[in-house]
Amino acid sequence: MFEVLYTICLGNESSTLAIQSWIEPLRSGDVRTLARAISTVENRTPGWSDLLKALFPHTGKARVIGLTGPPGAGKSTLVDQLARLYRKQNRTIGIVAVDPTSPYTGGAILGDRIRMQEHFSDPGIYIRSMATRGSLGGLARTTADVTAVLDASGRDVVLVETVGVGQDEVDIVRLADITVVILVPGMGDDVQTIKAGIMEIADIFVINKSDREGAERVEREIRALQSLATRNDGWTPPIVKTVASEGAGVAELAAAIANYEAYLVKENLTFKKSVHNWQERLVEMLRDVMLEKAREQLGDGKVSRLAAEVAEHKRDPYSLVEEIVGKLRNT
Ligand SMILES: Nc1nc2c(ncn2[C@@H]2O[C@H](COP(=O)(O)OP(=O)(O)O)[C@@H](O)[C@H]2O)c(=O)[nH]1
Ligand SMILES: [Mg+2]
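Residues numbered from 1 in each chain as written. Chains lettered and ligands numbered in written order. Predicted model: local features only at pLDDT ≥ 70, side-chain atom pairs only at ≥ 80, totals over all residues. Heavy atoms only, no water.

Peer 1: Looking at this structure, how should I read the side chain of R155?
Peer 2: Within the secondary structure, R155 is located in the loop between helix 7 (139–152) and strand 4 (157–163). There is a polar contact of 3.2 Å between the side chain of R155 and the backbone oxygen of P123. Ignoring sequence-local partners within four residues, the contact set of R155 consists of V31, L34, A62, T92, I93, G94, P123, G124, I125, Y126 and L150. (Helix = DSSP H or I, 4+ residues; strand = E, 2+ residues; numbered from the N terminus. Polar contact = N/O pair within 3.5 Å; in protein donor to acceptor, adjacent residues only side chain to side chain. Contact = heavy atoms within 4.5 Å.)

Given below as structure tokens:
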């Protein structure tokens, strides 16, 4: 009762107070607090931004590894294997799966129940599946924020799985220290189709399902594309062949990841990379906030009415945008 009154009286301030009380248990590894904190951030529940502000000083310590590639490539299987390997090294793991078909929900979608239960009983691995639709803060941003919570909670490694061959893959780079792109044999010309985005973001290539025919061909294709593009950090992404379902090549992948980490350190690139990532993310955050403010200013349905006026050529869109931005400046 007292708590209710307290909440009513203090409004927003109380959520700030409540959130302050989460920091310590979160930092000492309490999994329930971690789950609550992640939900708060994911659902944009009141206090979410205060939470992120309070956690920010504790972030930046986890190694964030993004794994991306087409559906069915074996990303979840590989993440699972990497998580096992890192656990053997006594590192704590957070997994963020931005893939609705990932077997991480505990739903045993791909017959992985036993394996996942193994993980669930190990507090050293925390798995969170992200809702991919209707994500309030935008998927890339929410994923980054959830990753930050895991980072602040003291996880040594955060593995982020994203599906898709489009913007998602490019967005993930902004939050990952290391990006692993997973390809499989038999993709045909797909390597060509996805090359534009992928060549730039892959720090390491994995050819999974190397037990299947065509792994060499995929490797040749990647090599051919690599010869066309040079990275400005001077790194040549290695190609690691894996059979994730059998655990083959996973140690080699972990070694490739460690090599790249060492390269970043040796070349003094860690900070530079971080600045670059934050530059992208800051612009994105600003864009979100400004857009939100513009929407508030315009009110419901106004955008579609204005769009109709432009379509009918009653107004020109250039002056219109200037007008809206001008009003924002005065608020
Ligand atoms: N043959 C073969 N199958 C694999 C391999 N890795 C994963 N799989 C299977 O491929 C399917 C899709 O794997 P999953 O990890 O869910 O792929 P995701 O959609 O990329 O996350 C599952 O049935 C896995 O057991 C592999 O190296 N070889
Ligand atoms: Mg998956």
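Peer 1: Mind showing me how you'd approach the sheet that holds strand 2 (residues 93–98) here?
Peer 2: Paired through backbone hydrogen bonds, the strands of a sheet run either parallel or antiparallel to each other. A sheet is described by the order of its strands in space; here 7 strands give the open sequence 3-2-4-1-5-6-7, paired in parallel fashion. Among the strands making up the open sheet, the edge pair consists of strand 3 (125–129) and strand 7 (239–241). Taking the axes of each pair of neighbouring strands and ignoring which way they run, one obtains an average angle of 20° across the sheet. When strand 6 (residues 204–207) meets strand 7, the two strands line up parallel, connected through 3 bridges. Its bridge partner being in strand 7, I207 is matched across the sheet by K241. Packed on one face of the sheet, helix 7 meets strand 1 (63–69), strand 2, strand 3 and strand 4 and runs near 170° to strand 2. (Pairing = 2+ DSSP bridges. Axes fitted to C-alpha atoms, helices over the stretch in contact; angles between N-to-C directions.)

Peer 1: Looking at this structure, how should I read the packing of helix 3 (residues 31–42) against helix 7?
Peer 2: Axis angle and axis distance: for two packed helices, these are the angle between their axes and the distance between the axes, and together they describe the pair. Put simply, helix 3 and helix 7 touch, their axes get as near as 9 Å, and they point 160° apart. With respect to helix 7, the element helix 3 is oriented roughly antiparallel. Relative to helix 7, helix 3 is oriented so that their crossing is right-handed. Packed against helix 3, whose contacting residues are L34, A37, I38, V41 and E42, the element helix 7 presents T142, D145, V146, V149 and L150 at the interface. Tallied by class, residues from the contact of helix 3 with helix 7 come to 7 nonpolar, 1 polar and 2 charged. (Parallel < 35°, antiparallel > 145°, perpendicular 65-115°, else oblique. Left-handed = near helix turned anticlockwise from the far one by under 90°. Nonpolar A, V, L, I, M, F, W, Y, C, P; charged D, E, K, R; others polar.)

Peer 1: Where do I start with the pattern of salt bridges in this structure?
Peer 2: Opposite charge on two side chains makes pairing possible when the charged atoms of those side chains draw close. As enumerated under the stated definition, the model contains 19 salt bridges in all. Taking the shortest distance from any N to any O, the salt bridge between D145 and R44 comes out at 2.8 Å. Pair noted here: D145 is in helix 7 and R44 is in the loop between helix 3 and helix 4 (48–55), with a separation of 101 residues, a long-range link. Judged by relative accessible area, D145 falls into the buried class, the value being 8%. A salt bridge links K266 to E267; its shortest N-O distance comes to 3.3 Å. A relative accessible area of 62% means that K266 is categorised as exposed. You can call E267 partly exposed: its relative accessible area is 37%. Where salt bridges share partners, they join R44, R141, D145 and D288 into one cluster. (Salt bridge = Lys/Arg side-chain N within 4 Å of Asp/Glu carboxyl O. Buried < 20%, exposed > 50% of the residue type's maximum accessible area, 1.4 Å probe, protein only.)

Peer 1: Got a minute to help me understand the confidence of the model for the protein in this structure?
Peer 2: The predicted coordinates should not be examined in detail at positions where pLDDT is low. Residues with a pLDDT of 70 or more make up 79% of the protein, whose mean pLDDT is 83. Below a pLDDT of 50 lies the segment residues 1–11, which in the model reaches 4 contacts outside its immediate sequence neighbourhood of four places, other chains included. Across residues 104–117, where pLDDT falls below 50, the model places 27 contacts with residues more than four positions away in sequence or in other chains. (pLDDT = per-residue confidence, 0-100.)

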